[in-house]
Amino acid sequence: MYERAYEVASHFLLAQGEKHIAPYGNGHINDTFCVSVETGAARPVRYILQKVNRYVFPDPEGVIENIERVTAYLRGVIESEGGDPTRETLTLVESVDGGHSYTDADNQLWRVYLFIEDTISRDLPDTPELFALSGAAFGRFQRQLGGFDASTLHESIHDFHNTPARYRQLEDAVRRNDAGRLGEVGPELAFCMERGEETGTLLRARAAGEIPLRVTHNDTKLNNVLLDAATGRGVCVIDLDTVMPGLAAYDFGDSIRFGANTAAEDERDLTKVSLSLPMFEAFVKGYLSEAGAALCARERELLPMGAKLMTLECGMRFLADHLNGDKYFKVHREGHNLDRARTQFALVADMEKKWDAMMEIVKNA
Ligand code: ADP
Ligand code: GN1
Ligand code: MG
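Here is what the cut-offs are and how they apply
Residues numbered from 1 in each chain as written. Chains lettered and ligands numbered in written order. Predicted model: local features only at pLDDT ≥ 70, side-chain atom pairs only at ≥ 80, totals over all residues. Heavy atoms only, no water. Helix = DSSP H or I, 4+ residues; strand = E, 2+ residues; numbered from the N terminus. Rg over C-alpha atoms; globule rule 2.2 N^0.38 Å. Buried < 20%, exposed > 50% of the residue type's maximum accessible area, 1.4 Å probe, protein only. Areas by Shrake-Rupley, 256 points an atom, 1.4 Å probe, with all protein chains shown as cover. Lys, Arg positive; Asp, Glu negative; His and termini not counted. Charge placed at Lys NZ, Arg CZ, Asp CG, Glu CD. Donors = N, O, S within 2.8 Å, 3.2 Å for Na, K, Ca; no water. Near = heavy atom within 4 Å. Polar contact = N/O pair within 3.5 Å; in protein donor to acceptor, adjacent residues only side chain to side chain. Nonpolar A, V, L, I, M, F, W, Y, C, P; charged D, E, K, R; others polar. Domains from an automatic or database assignment. Axes fitted to C-alpha atoms, helices over the stretch in contact; angles between N-to-C directions. Parallel < 35°, antiparallel > 145°, perpendicular 65-115°, else oblique. Contact = heavy atoms within 4.5 Å. Pairing = 2+ DSSP bridges. Left-handed = near helix turned anticlockwise from the far one by under 90°.

Caption draft 1: Inspection of the overall build of the protein chain at higher detail. For the protein chain, the count of helices and strands is 13 helices and ten strands. Here the protein chain has a C-alpha radius of gyration of 20 Å; the compact-globule value for 365 residues is 21 Å, and the two agree. Every one of the 365 residues in the protein chain was classed for burial, and the buried ones make up 55%. Here the protein chain displays about 15,400 Å² of accessible surface, and carbon together with sulfur accounts for 51% of that area. Positive and negative side-chain charges of the protein chain, numbering 40 and 57 respectively, have mean locations separated by a distance of 3 Å.

So, in structure tokens, the structure goes:
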């Protein structure tokens, strides 16, 4: 089993000893494995081995280069702040060829990270206290990369958070109707159409020069931050594949989309889906405690819009993938992407009801 993973692991400079490899985590994109090496020490030495999804990332070499540069920069900042860089940012493991990746016989690119031990990664919305700590971790990430020149990074996925472009991709998926599923999504499409104009709000503010371009993570869901198992403190922001130029509202918004939802991202019972205002408030406070001083007034004011647009956009992406025949996101059941799209739209609808309260919370934070 996992023969390929064992073969690939032999191309990296890992600790010596017997290796055990097993699938790991719940990401929607890459194939992730945990490699445990029995070295004779009390605990095995562990690594994360990943096959980068080439359908999603057409230039995986560019992704690795971004990660090499961003983690090297973060290591410097973390050291200067007295932190532990092997724990507080990802460390790519060298391959036997001297780089940080290995391309297999099927032209698939693999990489290895040190496993960050004694941490937890959550797949479901958490307590406000833990969510505030994850907000602080993403805010810190933003702050620590404040001096990194965004224009030197590869755009790992073109137009990743360009919400109007995502809307057009949905329209294309509707026109093609590749999987023949168009008949079942009428209400969801109507929901998106009613909000078509609003999709451009953040980009219009950027074009008018009201908000700056920043280095952002762009995929700030809860399971992309590792929390200290003992204290809950956000130790390390992971999944750096989508680090590229973006807007502060993207990172804030994507975290809210996932972590302030009272239901799972793929919940079928939509009555369980809502925006938790206590979770929202906790995240705002945690995030602003680290990133707040760097944000301009307009960026701050647009944070709730980031939450709404990241949720709407993610729903449009799930819906487009459902229509395209589930080519992008991993699915584990029939209609999985449609279920995910529906939760996102239900959450947008609830945010619209709670809009004034969201604005007030940000204003008073
Ligand atoms: P995907 O892009 O598919 O979401 P991730 O890079 O987020 O892949 O990895 C999937 C999961 O693996 C994460 O949610 C986390 O639980 C775990 N993980 C990833 N990197 C590490 C690491 N360096 N140390 C410990 N756990 C990790
Ligand atoms: C994907 O890789 P993962 O599972 O952390 C996706 C995000 C979506 C998210 C929805 C590269 O994130 O953009 O918001 O699923 N990542 C990519 O759960 O498309
Ligand atoms: Mg992930």
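Having seen the model, we can carry on.
Caption draft 2: Seen up close, the coordination of the magnesium ion (ligand 3). The protein atoms donating to the magnesium ion (ligand 3) are Asn 224 (OD1) and Asp 239 (OD), with metal-donor distances spanning 2.2 to 2.3 Å. With Asn 224 in the loop between strand E7 (214-216) and strand E8 (225-228) and Asp 239 in the loop between strand E9 (234-237) and strand E10 (244-246), this pair connects stretches of sequence that are 15 residues apart. Under the relative-accessibility criterion, Asn 224 is labelled buried at 5%. A relative accessible area of 24% places Asp 239 in the partly exposed class.

Caption draft 3: Broad picture of the site of ligand 1. Close to ligand 1 lie 19 residues, the nearest being Asn 30, Gln 50, Ile 116, Asn 223 and Asp 239. Contact distances for ligand 1 include 2.9 Å between an oxygen atom and a backbone N or O atom of Asn 30. For ligand 1, whose accessible area on its own is 550 Å², the fraction buried by protein is 96%. Each residue belonging to the shell around ligand 1 can be placed in one class, and the counts come to nine nonpolar, nine polar and one charged. Looking at which domains feed residues into the shell around ligand 1, each of domain 1 (2-117) and domain 2 (128-364) supplies at least three.

Caption draft 4: Inspection of the packing of helix H11 (residues 303-324) against helix H13 (residues 355-364) at higher detail. Here H11 crosses H13 at 135 degrees, and the two axes come no closer than 9 Å. Regarding the angle of H11 to H13, the classification is oblique. Of the residues in H13, those in contact with Leu 303, Pro 304, Met 305, Ala 307 and Lys 308 of H11 are Trp 355, Met 358, Met 359 and Val 362. Among the residues making up the contact of H11 with H13, the classes are represented as eight nonpolar, no polar and one charged.

Caption draft 5: Layout of the site of ligand 2. Residues in close proximity to ligand 2 total 18 residues, the closest being His 28, Lys 221, Glu 265, Arg 317 and Tyr 328. Note that an oxygen atom of ligand 2 is positioned 2.6 Å from one of the side-chain N or O atoms of Glu 265. Alone, ligand 2 offers 440 Å² of accessible surface; in the complex the protein occludes 97% of this. For the shell around ligand 2, the secondary structure elements donating two or more residues are helix H8 (248-259) and H11. It is H11 that provides the largest number of residues to the shell around ligand 2, a total of three residues. Taken together, the residues that form the shell around ligand 2 break down as seven nonpolar, four polar and seven charged. Domain assignment of the residues forming the shell around ligand 2 places at least three in each of domain 1 (2-117) and domain 2 (128-364).

Caption draft 6: Representation of the side chain of Ser 255 within the structure. Within the secondary structure, Ser 255 is located in helix H8. Overall, the relative accessible area of 1% leaves Ser 255 in the buried class. In terms of polar contacts, Ser 255 uses its side chain to reach the backbone carbonyl oxygen of Thr 220, at 2.7 Å. Sequence-distant contacts of Ser 255, that is, excluding residues within four places in its chain, are made with Phe 131, Phe 138, Thr 220, Ala 260 and Phe 283.

Caption draft 7: Here's a closer look at the sheet that holds E8. Strand order in the open sheet formed by three strands is E6-E8-E9, and the pairing between neighbours is antiparallel. Bordering the open sheet on either side are strand E6 (119-120) and E9, each of which pairs with just one other strand. Two elements, E8 and E9, share three bridges in a ladder whose sense is antiparallel. Residue pairing for E9: Leu 227 is matched across the bridge by Gly 234. Packing of helix H4 (residues 128-144) onto the sheet brings it into contact with E8 and E9, and relative to E9 it is tilted by some 45 degrees.

Caption draft 8: Inspection of the environment of Gln 144 at higher detail. Residue position: Gln 144 is located in helix H4. Look at Gln 144 and you get buried, because its relative accessible area is 9%. Taking the C-alpha atoms as reference points, Gln 144 and Asp 254, 110 residues apart in sequence, are found 19 Å from one another. Leaving out residues up to four positions away in the same chain, Gln 144 has contacts with Tyr 73, Leu 74, Val 77, Ile 78 and Glu 81.

Caption draft 9: Region of the structure containing the packing of H11 against helix H12 (residues 336-353). Running from N to C, H11 and H12 cross one another at 155 degrees; their axes reach a closest spacing of 8 Å. It follows that H11 is roughly antiparallel to H12 by the angle criterion. Where H11 crosses over H12, the two elements pack in a sense that is left-handed. From H11, Ala 307, Lys 308, Thr 311, Leu 312, Cys 314, Gly 315, Met 316, Phe 318, Leu 319, Asp 321 and His 322 reach across to H12, where they touch Asn 337, Leu 338, Arg 340, Ala 341, Gln 344, Phe 345, Leu 347, Val 348, Met 351 and Glu 352. Residue composition of the contact of H11 with H12, by class: twelve nonpolar, five polar and four charged.

Caption draft 10: Seen up close, unusual backbone geometry. Not every positive phi belongs to a glycine, and Asn 107 is a case in point at roughly 65 degrees. Along the chain, Asn 107 turns up in the loop between strand E4 (102-103) and strand E5 (109-114). For Asn 107, a relative accessible area of 43% translates into the label partly exposed. Backbone geometry at Asn 177 places phi at a positive 45 degrees, although glycine is not the residue there. On the secondary structure map, Asn 177 appears in the loop between helix H5 (163-176) and helix H6 (186-194).

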